[in-house]
Amino acid sequence: MKIGLCCTTPMVALTRVIGRKRALEMLLTGELVDARTAADWGLINQVVPANGLAAATRKLAAKVAEASSLAVVLGKRAYYTQIDLDQAEAYDYAKEVMATNAMAADAQEGITAFLEKRAPRWR
């Protein structure tokens, strides 16, 4: 708004995260929120000092990289597909994805590794 442009595209996701009233105020005023408020509103997952951002990012990426790449791909795809469905459709879709995923070699390896109390060896 401050530059004669209304950021309507980000507004779609913003409204779904922080609610209508907060989103409308941000949209119409162009006011920014500080990091702590962004965390409280669910816009970000965590607040870290600027000099710790690279380390925090690497730590998060390493956690994701420990998982089966197939499971990560299926999970991300399912997340973005279900998010705009109504609840019943989302559960139906998620059930299908989980059933398909459970038959994958990585899922079988993960279950076996858990039962054998060892680290999984992803394909």
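Remember, predicted model here, so these are calculated numbers, not experimental data. (Residues numbered from 1 in each chain as written. Predicted model: local features only at pLDDT ≥ 70, side-chain atom pairs only at ≥ 80, totals over all residues. Heavy atoms only, no water.)

Time to look at the overall build of the protein. Scanning the protein from N- to C-terminus turns up 7 helices and 0 strands. Its helices and strands taken in sequence order, the protein reads α-α-α-α-α-α-α from the N to the C terminus. For the C-alpha atoms alone, the extent of the protein along its principal axes is close to 60 × 40 × 20 Å. Residues classed as buried in the protein amount to 15% of the 123 residues present. In the protein, 32% of the contacts between residues at least 6 apart in sequence involve partners at least 24 apart. On the protein, the mean spot of the 16 positive side-chain charges and the mean spot of the 13 negative ones are 5 Å from each other. (Helix = DSSP H or I, 4+ residues; strand = E, 2+ residues; numbered from the N terminus. Buried < 20%, exposed > 50% of the residue type's maximum accessible area, 1.4 Å probe, protein only. Contact = heavy atoms within 4.5 Å. Lys, Arg positive; Asp, Glu negative; His and termini not counted. Charge placed at Lys NZ, Arg CZ, Asp CG, Glu CD.)

On average, residues of the protein score 91 in pLDDT, and 98% of them are at 70 or above. When mean pLDDT is compared element by element in the protein, helix H4 (residues 53-65) scores highest at 96, while helix H1 (residues 8-18) scores lowest at 86. (pLDDT = per-residue confidence, 0-100.)

A word on the side chain of Ser68. The residue Ser68 is located in the loop between H4 and helix H5 (69-82) in this model. On the accessibility criterion, Ser68 (3% relative accessible area) is buried. The contact partners of Ser68, leaving out residues within four places of it in the chain, are Asp106 and Trp122.

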